[in-house]
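Residue-level structural notes
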Number of protein chains: 2
Amino acid sequence: MRLSRWSEALRTARAGSVTADAPVRDAAWVARCVGRGTNAPLAPADVAALAATLQPVELAAGQPLFGASTRSEPGVWIIRSGHVELSVTAGRNPVVVGVLRPGDVEGDIPLLLGLALPYAARAVDAVTCLHLRPADFEDLLARHPAIARRWLSSVAQRLAASHERLIALLGRPLPAQLAGLLLDEADHDPDGGGVVRLPQRTLAAMLGVARPSLNKILKDFERNGHVEVGYSAVRLIDVGALQRIRSA
Amino acid sequence: MRLSRWSEALRTARAGSVTADAPVRDAAWVARCVGRGTNAPLAPADVAALAATLQPVELAAGQPLFGASTRSEPGVWIIRSGHVELSVTAGRNPVVVGVLRPGDVEGDIPLLLGLALPYAARAVDAVTCLHLRPADFEDLLARHPAIARRWLSSVAQRLAASHERLIALLGRPLPAQLAGLLLDEADHDPDGGGVVRLPQRTLAAMLGVARPSLNKILKDFERNGHVEVGYSAVRLIDVGALQRIRSA
DNA sequence: CGGGAACTGTCAGCGAGGTGACACCATCGG
DNA sequence: CCGATGGTGTCACCTCGCTGACAGTTCCCG
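Residues numbered from 1 in each chain as written. Chains lettered and ligands numbered in written order. Predicted model: local features only at pLDDT ≥ 70, side-chain atom pairs only at ≥ 80, totals over all residues.

How large an interface is tends to be reported as the accessible area lost when its parts come together. Across the boundary between the two partners, chain B contributes 39 residues, which contact 38 residues of chain A. Looking at the side of chain B that touches chain A, the elements with two or more residues in it are strand S5 (95–100), helix H4 (108–113) and helix H6 (145–169) of chain B. Sort the elements by how many residues they give to the side of chain B that touches chain A and H6 of chain B lands first, with 19 residues. Looking at the side of chain B that touches chain A residue by residue, the classes come out as 22 nonpolar, eleven polar and six charged. (Contact = placed C-beta atoms within 7 Å. Helix = DSSP H or I, 4+ residues; strand = E, 2+ residues; numbered from the N terminus. Nonpolar A, V, L, I, M, F, W, Y, C, P; charged D, E, K, R; others polar.)

Right under this line is the structure:
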């Protein structure tokens, strides 16, 4: 069963390269991406334990990982490829709390605290991720201090990012907020510049702002040659200028 | 040396009750307040290790724990009594990222990630706190898996709170934001109602908003009998009404 | 008890951003 | 190849909260 899910998971990511050591390779990838290596190195035994419990899962665009309504299977998800949108529909318009990208982790906080998160998660595009069942997660933390230590640094990282997000949003003009968001959310392409592959509706929801307001600023940026606006994508042209606007 | 700092620390907190087991009592208090007990119980040996390393420190009102300028001694602080304001002076007006109250922890994130936090901390009123030196902190985490596990739940708690703060701020009208802030920050008095003992300037900075705007809403609340505005204090009268406004 | 510092209360004018609506365009499935 | 879906570009109107300023009040320390 696991191998069939594996091959399905890898079909999109890198077709045809399914080998027996794929679980170990993914566990090593998790070890590299979750938290920080300094001060919290993982021993081979820890990586092996990870490899034994990680369950690959594939999601189509639009599919929910979990939601206020569905409350589907709990556990920890680690994004391997694709994007997941965390949103909450409080008040009038939906607000996007964050966007998960490859290497990001979700679902561990509810397990650690024993309470449900107030937001829903849905795949923006096709998503490959690794799943850890609640019991396996607790077990890994209890039996592998190095993993617990590493997870601590992962959560700490997310907390620092969340604080920076608060600072970037509070009482700042919209252009500064948008510049910061674009710089933070850009996927760094090999060609040098970054691209934000999200519709303007999502970007607006991430700033808690109306789409027309966002579009106005975005077109200003484009007129000044700072970005290039495409369909469901924004390409960063002049990173320096955006940084200047962010801290204006 | 340690005992002398102890007696100094306790002079304000509870004068005259200094006994030999005070460190153990404070360690037990930390064990109760940091993180969640369920899923992460601490053994007596863990509490003893905490008691051996906690260093009591006392701060006068206005004194900084650390700051962008001073960069004073690093380490972990656990607030025992009083309030500490975390603020950052980005752009025009200062923004308050959060207010630490008794039981809150600060300074562990920079240690875990090896990078400085972008905000400064200063005592709002007289503060008693417990200090943990960087080396001692690392040592506790490495040698006591239960403490690492418990710390994980503490950081997770803070992350959830930070996410809720983001949700409460993004794209919501000012009255809803203020109602949420008051409900979150109220110190629950024994007499039933809660009190927020912070000047309006600080409350405004926490919402990234101008003081006159905040004052306007606050007086509206008072006119409608929801709160009672005092000098550097807001008393909550009708909690139900505030909850209704928060989710309006 | 008196003076300075900090906090609160309030106002008029202005600009940023929300609202709702509508035309146009990319993308994808049939 | 065509139509449905969903994303983008833009507009006129209007509300909300900012700006800067000033007067009154409370607190605290000498």
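Let's shift gears to the pairing of strand S11 (residues 227–230) of chain A. Residues and elements named next belong to chain A. Bridge count between S11 and strand S12 (residues 233–236): four bridges; the pairing is antiparallel. Within S12, the position partnered with Glu 228 by the bridge is Arg 235. The turn joining S11 and S12, which pair antiparallel and follow one another in sequence, is formed by two residues; a positive phi near 60° is taken by Ser 232. (Pairing = 2+ DSSP bridges.)

Moving on, we come to the protein's contact with DNA strand D. Residues in close proximity to DNA strand D total 17 residues, the closest being Gln 200 of chain A together with Leu 174, Val 209, Ala 210 and Ser 213 of chain B. Here the surface near DNA strand D gets three residues from one element, more than from any other, and that element is helix H9 (residues 211–223) of chain A. For the surface near DNA strand D, the residue count by class is ten nonpolar, four polar and three charged. (Near = placed C-beta within 6 Å.)

All names here are of chain B. Judged by pairing direction, the sheet is antiparallel, and its four strands sit side by side in the order S9-S10-S12-S11 without closing on themselves. Two strands in the sheet have a free side with no partner beyond their single neighbour: strand S9 (187–188) and strand S11 (227–230). Alignment of S9 against strand S10 (residues 194–196), held across two bridges, turns out to be antiparallel. Looking at the pairing, His 188 lines up with Gly 194 of S10. In the packing of helix H9 (residues 211–223) onto the sheet, contacts are made with S11 and strand S12 (233–236), and the angle to S11 comes to roughly 125°. (Axes fitted to C-alpha atoms, helices over the stretch in contact; angles between N-to-C directions.)

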